[in-house]
Amino acid sequence: MRHFFVSERPIPKKHVALSSADSRHLLQVLRAKSGMEIQVAYDGSLYRGRLVAIRGDAFVAVEEEIPMEGPLASVVLVQSVGKGQKLEAVIKHATECGVDAFLPLQAKRSVSDLTKKYESKRIRYEKIAQEAAKQSNRRHIPEILDLADMESFLACTKENDEILVCYEEERQQDILDVELRLQGDVYVVVGPEGGFDPEEIARLKEANAKFVSLGDTILRTETAGVIGGYIAARLVERRTR
């Protein structure tokens, strides 16, 4: 079933418009016909309906809202900035895996510096998240948060939030065995290619972060981000369903 995001809340038994880009792709590229079953999402809500083509524009005749199985805590992936297009790959695949938001972290050992060009990059990241959310039938598009360093990241967390640090030197606590309280957001923190600076590790410990292992092998930063985000999202799902 095709899945789209809409800009206004759908109402059962009424029509909701698709964007001009989605209309053009659906009607001109895919040659879709009226009556095709379609799923649309708005602000975390999901609806089922059927395509209605009117003078070259695509609408959805909304039939019903698809109920949500249970309230989910938000999983935020705090991914350290890496070389090249690594952050783009993480956003794409971790969106498919269920991550709710991304906070790019300008770590001390990050090889690339996004400080001066982040806003232009952010537009690209938001588009990648939107396309991945559409492809994977997400209820909402993950938010791309402001670029942060360790201090500003920790300053934005709340008392009830949980911070999981994917750390290659952790030997005792496996991420699969973490017990989540789910009283706030769950932040999954991944370091850059060269690992976290000792001062950053110290600040995370002061913030009562839980250091967790992703297994015995050493993973690339982009691999760790996707796997850590996926496992955290699955742990949240299991606790809330």
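Residues numbered from 1 in each chain as written. Predicted model: local features only at pLDDT ≥ 70, side-chain atom pairs only at ≥ 80, totals over all residues. Heavy atoms only, no water.

Colleague: Describe in detail the overall build of the protein, supporting the description with residues and values.
Modeller: Within the protein, the regular secondary structure consists of six helices and 11 strands. Dimensions along the principal axes, computed over C-alpha positions, put the protein at roughly 60 × 40 × 30 Å. Taking all 241 residues of the protein together, 47% fall into the buried category. Considering only contacts in the protein between residues 6 or more positions apart, those separated by 24 or more positions represent 72%. As displayed, the protein offers around 13000 Å² of accessible surface, 46% of which is attributable to carbon and sulfur atoms. (Helix = DSSP H or I, 4+ residues; strand = E, 2+ residues; numbered from the N terminus. Buried < 20%, exposed > 50% of the residue type's maximum accessible area, 1.4 Å probe, protein only. Contact = heavy atoms within 4.5 Å. Areas by Shrake-Rupley, 256 points an atom, 1.4 Å probe, with all protein chains shown as cover.)

Colleague: Describe the side chain of Asp-161, with residues and values.
Modeller: The residue Asp-161 is located in the loop between helix 4 (150-156) and strand 9 (162-166) in this model. According to the relative accessible area criterion, Asp-161 is buried, its value standing at 8%. A polar side-chain atom of Asp-161 sits 2.8 Å from the main-chain amide nitrogen of Asp-185. (Polar contact = N/O pair within 3.5 Å; in protein donor to acceptor, adjacent residues only side chain to side chain.)

Colleague: Lay out the nonpolar core with the relevant residues and their values.
Modeller: Of all hydrophobic cores here, the largest spans 31 residues; its most connected members are Val-75, Leu-77, Ile-91, Phe-102, Tyr-125, Ile-144 and Leu-180. Within the residue set of this core, elements represented by two or more residues are strand 6 (75-80), helix 2 (86-96), helix 3 (118-135), strand 9, strand 10 (186-190) and helix 6 (221-240). Per-element accounting of this core gives the leading share, six residues, to helix 6. Phe-102 has contacts with Leu-77, Val-90, Ile-91, Ala-94, Thr-95, Pro-142, Glu-143, Ile-144 and Leu-145, leaving out every residue within four places of it along the chain. Of all hydrophobic cores here, the second largest spans 19 residues; its members include Val-76, Val-165, Tyr-187 and Phe-211. (Core = buried A, V, L, I, M, F, W, Y, C linked by side-chain atoms within 4.5 Å.)

Colleague: A description of the sheet that holds strand 1 (residues 2-5) should follow, citing residues and the corresponding values.
Modeller: Across the sheet, which stays open at both edges, the five strands sit in the order 1-3-4-5-2 with mixed pairing between neighbours. With one partner strand each, in any of the chains shown, strand 1 and strand 2 (15-17) form the two edges of the open sheet. Here the strands of the sheet are splayed against their neighbours by 40° on average, with no regard to which way each runs. One ladder, built from three bridges, connects strand 2 with strand 5 (residues 57-66); its direction is antiparallel. Bridging from a neighbouring strand, Val-16 pairs with Val-60 of strand 5. Together, strand 1, strand 3 (37-42), strand 4 (45-54) and strand 5 form the strand contacts of helix 1 (residues 20-29), whose direction differs from that of strand 5 by roughly 100°. (Pairing = 2+ DSSP bridges. Axes fitted to C-alpha atoms, helices over the stretch in contact; angles between N-to-C directions.)

Colleague: How would you summarise the layout of surface pockets if you had to cite specific residues and measurements?
Modeller: Here the second largest pocket defines a volume of roughly 430 Å³. Take the lining of the second largest pocket: its biggest share by element is three residues, from helix 6. Looking at the lining of the second largest pocket residue by residue, the class counts come to nine nonpolar, seven polar and eight charged. (1 Å grid on protein atoms, 1.4 Å probe; cavity = no way out; pocket = protein on both sides within 12 Å on 5 of 7 lines; lining within 4 Å. Points joined across faces, edges and corners; volume = space filled by probe spheres on them. Nonpolar A, V, L, I, M, F, W, Y, C, P; charged D, E, K, R; others polar.)

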